[in-house]
Amino acid sequence: MVTAGVGAAWEAALVQACQAGQVAARVLHRCYDLGDLLAVAAAGQAEVAVVAAGTRWLDRDALARLAAAGLAVVGVTAAGDEDGERRLRQLGLLHVASDADPPEALVDQARAALAEPDPEDASPEPDVPLPADGDTRRVLAAVWGPKGGPGRTTVAVNLAFEAAAVGGEVLLVDADTYGGAVAQTLGFLDDAPGLAWAARLAGRGELDALRLWQSVRRAAPGGPRVLPGLPRAELWTEVRPGTWEALLELFRVAFPVTVVDAGFCLEEDEELLYDQVRLRRNAVTRLAVQRADLVVAVARADPVGLHAFIRGYQELRDLGVPASRVRVVVNQLRPGMFGGKNPAEQVRSALGRYVGIEPAAVVPYDRNGVDAGLLAGQALREARPGCPSQIALARLAAALFPAQPVEPRRTRRRSRATGHATAATGARP
């Protein structure tokens, strides 16, 4: 085994016990940073690492890299430090010891960590069917569209508002690493906890469902809660793949419905090394569509937009996203397009011919309605209720998202009494 205890008393006691033969284990190396640990793992010299909870670099992505290198990890917290233990559990560590434990107990934890089955050996999860009528299962939907401005953010924002109108709590997440626009679309003028904030806390194991629910602001009374995107595109390095996967699962736990406005690029970009951390910019979009329960794929209704969509749809399928999880939305359909002869039917025919799919919705081009919403910083159902685009998107939301049960108010009051507080529906955090 190897240790990373930064000179802690428990580490010295463990090393001495191993050297004296008091325990059936051997400490091969005392590491001081993540690079040391990864080098030992790459050399195949050790099987398990015993790491202090206060180690600066110990986060979700570091644990993912250690696991990929074949190194099991045991965390060691200060005696009685419940917050430290909770943080390690949230990072995914199954084996956590106390610094007051004797060396024999630490070795037992190390053996238990080695006995855990390899996650790679687990059978893949079965295909998750889309929610049926009356099904109240939690849903994570990724709204994706290819390059060329198909109106992905407009669709995502309005689907989230329409889903919130159906009932229950909805989270709208801006996950476009090339330049999200959800905050600007909704007229957020002040700073609010966003994606970079959530990623930093989740990476350190300090974000849970309750804190997320209480921290994200509500866009409007009765509307969805919103997790804005990156304030600058160059901050994409803040969202690491391992942390983003954990956030996606956290969204499911915290909210009945989550709508993720994903980026456009599905290309498997080159892995870049930043100070011993491997990063990929497109991983956020790729993981969002792979992990989502359903993918709302947005196509712009003109020859250029349809061509870009057909090529992008093939990339989507190459990622392993089954057609059963994809719902295609044809957006910005203009009456004069395709010669003015039943343009909706021509679009349906083209999609059926080239990709074998039937659109779930066709949203008409409604410049006046969309402009009114942008100028007011509102969704269509607020700015122009009853306009053609709002009606089409409301019907789509009703088909995609089942009505969610609303938690009784007395349950929230009882939660406050036990220290598990939640914000009242409609209140801003």
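1. Some thoughts on the packing of helix α6 (residues 152–166) against helix α16 (residues 388–400)
Right, on to step 1. At a minimum axis separation of 9 Å, α6 and α16 run at an interaxial angle of 60 degrees. Along this stretch, α6 crosses α16, giving a crossing that reads as right-handed. Contact residues: α6 offers Val 155, Asn 158, Leu 159, Glu 162 and Ala 163, while α16 offers Gln 390, Leu 393, Ala 394, Leu 396 and Ala 397.

2. Some details on the sheet that holds strand β3 (residues 48–52)
Right, on to step 1. The five strands are arranged β2-β1-β3-β4-β5 in an open sheet whose pairing can be described as parallel. In the strand order of this sheet, the two ends are held by β2 (29–30) and β5 (96–98), each with one partner.
Right, on to step 2. Here strand β1 (residues 2–4) runs beside β2; their pairing, made up of two bridges, is parallel. When the sheet's bridge partners are listed, Val 2 is paired in β2 with His 29.
Right, on to step 3. In the packing of helix α4 (residues 82–91) onto the sheet, the strands contacted are β4 (72–77) and β5, and the crossing angle to β4 comes to about 160 degrees.
Right, on to step 4. The strands touched by helix α5 (residues 103–115) within the sheet are β3, β4 and β5, with β4 carrying the most contacts at an inclination of about 145 degrees.

3. A short note on the packing of aromatic side chains
Right, on to step 1. The final tally for this structure, using the stated rule, is four aromatic pairs.
Right, on to step 2. With a centroid separation of 6.3 Å and an interplanar angle of 45 degrees, the aromatic rings of Trp 144 and Phe 309 are classed as tilted. You can see Trp 144 sitting in strand β6 (residues 139–144) and its partner Phe 309 sitting in helix α12 (residues 303–318), a full 165 residues away along the chain.
Right, on to step 3. Here the aromatic residues Trp 144, Phe 309 and Tyr 313 are joined through ring pairs into a cluster of three or more.
Right, on to step 4. Sitting above the plane of the Trp 213 ring, Arg 225 keeps its charged end 4.2 Å from the centroid.
Right, on to step 5. Above the ring of Tyr 365, the side-chain terminus of Arg 334 is found at 5.7 Å from the ring centroid.

4. Observations concerning the nonpolar core
Right, on to step 1. Residues Trp 244, Leu 247 and Phe 251 are the most contacted members of the largest nonpolar core, which totals 56 residues.
Right, on to step 2. One finds Phe 188, Ala 219, Val 296 and Ala 361 within the second-largest nonpolar core, a separate group that totals 37 residues.

5. Some words on the packing of helix α2 (residues 34–42) against helix α3 (residues 60–68)
Right, on to step 1. Taken N-terminus to C-terminus, the directions of α2 and α3 make an angle of 15 degrees; their axes are 9 Å apart at the nearest point. In terms of axis orientation, α2 runs roughly parallel to α3. The handedness of the crossing between α2 and α3 is right-handed. On α3, the residues touching Leu 34, Leu 37 and Leu 38 of α2 are Ala 62, Arg 65 and Leu 66.
Right, on to step 2. In the contact of α2 with α3, the residues fall into five nonpolar, no polar and one charged.

6. Here we look at the environment of Phe 188
Right, on to step 1. By the secondary structure assignment, Phe 188 is in the loop between α7 (182–185) and α8 (195–203).
Right, on to step 2. Through-space distance from the C-alpha of Phe 188 to that of Gly 377 is 7.8 Å; in sequence the pair is 189 residues apart.
Right, on to step 3. Discounting chain neighbours no more than four positions away, the residues touching Phe 188 are Ala 183, Arg 217, Ala 219, Val 226 and Pro 228.

7. Observations regarding α2
Right, on to step 1. Among the residues of α2, Leu 34, Leu 37, Leu 38, Val 40 and Ala 41 are the ones counted as buried. Within α2, the buried residues cover an arc of 160 degrees as seen down the axis, which keeps them to one side.
Right, on to step 2. For α2, the secondary structure elements touched by its buried residues are β1, β2, β3 and α3.
Right, on to step 3. Looking one or two residues beyond α2, the residue adopting positive phi is Gly 44, at roughly 70 degrees.

8. Topic: the pattern of salt bridges
Right, on to step 1. Applying the stated criterion across every chain, the model contains 20 salt bridges.
Right, on to step 2. The residue Arg 381 makes a salt bridge to Glu 162 at a minimum N-O spacing of 2.7 Å. One end of the pair, Arg 381, is in helix α15 (residues 380–383); the other, Glu 162, is in helix α6, with 219 residues separating them in the sequence.
Right, on to step 3. Look at Glu 162 and you get buried, because its relative accessible area is 4%.
Right, on to step 4. Each member of the salt-bridge network shares a partner with another, and the members are Arg 152, Asp 176 and Asp 261.

9. Considering the pairing of β4
Right, on to step 1. In terms of residue burial, β4 counts as a mostly covered element, since six of its six residues are buried.
Right, on to step 2. Side-chain alternation along β4 places Ala 72, Val 74 and Val 76 on one buried face and Val 73, Gly 75 and Thr 77 on a second face that is also buried.
Right, on to step 3. Note: β3 against β4, five bridges, orientation parallel. Bridge pairing in β4 links Val 51 to Gly 75.

10. Things to note about helix α14 (residues 367–376)
A turn of α-helix holds 3.6 residues, and therefore any two residues three or four places apart point the same way.
Right, on to step 1. Residues of α14 that are buried: Gly 369, Val 370 and Gly 373. Taken around the axis of α14, the buried residues stretch over an arc of 95 degrees, which confines them to a single face. Away from its buried face by more than 90 degrees, α14 exposes Asn 368 and Leu 375.
Right, on to step 2. Where α14 is buried, its residues meet α7 and α15.
Right, on to step 3. In the stretch just after α14, Gly 377 is the one whose phi turns positive, near 65 degrees.

11. Here we look at unusual backbone geometry
Right, on to step 1. Unlike most non-glycine residues, Gln 332 shows phi in positive territory, near 60 degrees.
Right, on to step 2. Along the chain, the position of Gln 332 falls in strand β14 (residues 326–333).

Reading the values: the criteria
- For every chain, the first residue of its written sequence is number 1, and the numbers climb from 1 along that sequence.
- In keeping with the predicted nature of the model, local features appear solely for residues at pLDDT of at least 70, side-chain atom pairs appear and are counted solely at 80 or more, and the whole-chain, interface and lining totals rest on all residues.
- Based on all heavy atoms of the structure, the side-chain values leave hydrogens and waters out of the count.
- Interaxial angles span 0 to 180 degrees and are taken between N-to-C directions of axes, which are lines fitted to C-alpha atoms, for helices over the stretch in contact.
- A run of H or I in DSSP counts as a helix once it spans at least four residues, and a run of E counts as a strand once it spans at least two, with each numbered from the N terminus.
- Handedness of each helix crossing follows the sense of rotation of the near helix against the far helix: counterclockwise by less than a right angle gives left-handed, clockwise gives right-handed.
- We call two residues contacting when some pair of their heavy atoms lies within 4.5 Å.
- Strand pairing is assigned whenever DSSP detects at least two bridges linking the two strands.
- We call Phe, Tyr and Trp rings a pair once their centres come within 6.5 Å, taking the six-membered ring for Trp, and we label the pair stacked below 30 degrees between planes, edge-to-face above 60, and tilted otherwise.
- Two thresholds decide whether a charge sits over a ring: the Lys NZ or Arg CZ must be within 6 Å of the ring centre and within 35 degrees of the ring normal.
- Nine residue types can take part in a nonpolar core, namely buried Ala, Val, Leu, Ile, Met, Phe, Trp, Tyr and Cys, and a core is a set of them joined through side-chain atoms within 4.5 Å.
- Only protein chains enter the accessibility calculation, which uses a 1.4 Å probe; a residue is then buried when its area is under 20% of its type maximum, exposed when over 50%, and partly exposed in between.
- When an angle is under 35 degrees it counts as roughly parallel; over 145 it counts as roughly antiparallel; between 65 and 115 it counts as roughly perpendicular; any other value is oblique.
- Residues are sorted three ways: Asp, Glu, Lys and Arg are charged, Ala, Val, Leu, Ile, Met, Phe, Trp, Tyr, Cys and Pro are nonpolar, and all the rest, Gly among them, are polar.
- By arc we mean the arc of the directions from the helix axis to the C-beta atoms, nothing more.
- The working definition used for a salt bridge is a side-chain nitrogen of Lys or Arg within 4 Å of a carboxyl oxygen of Asp or Glu.

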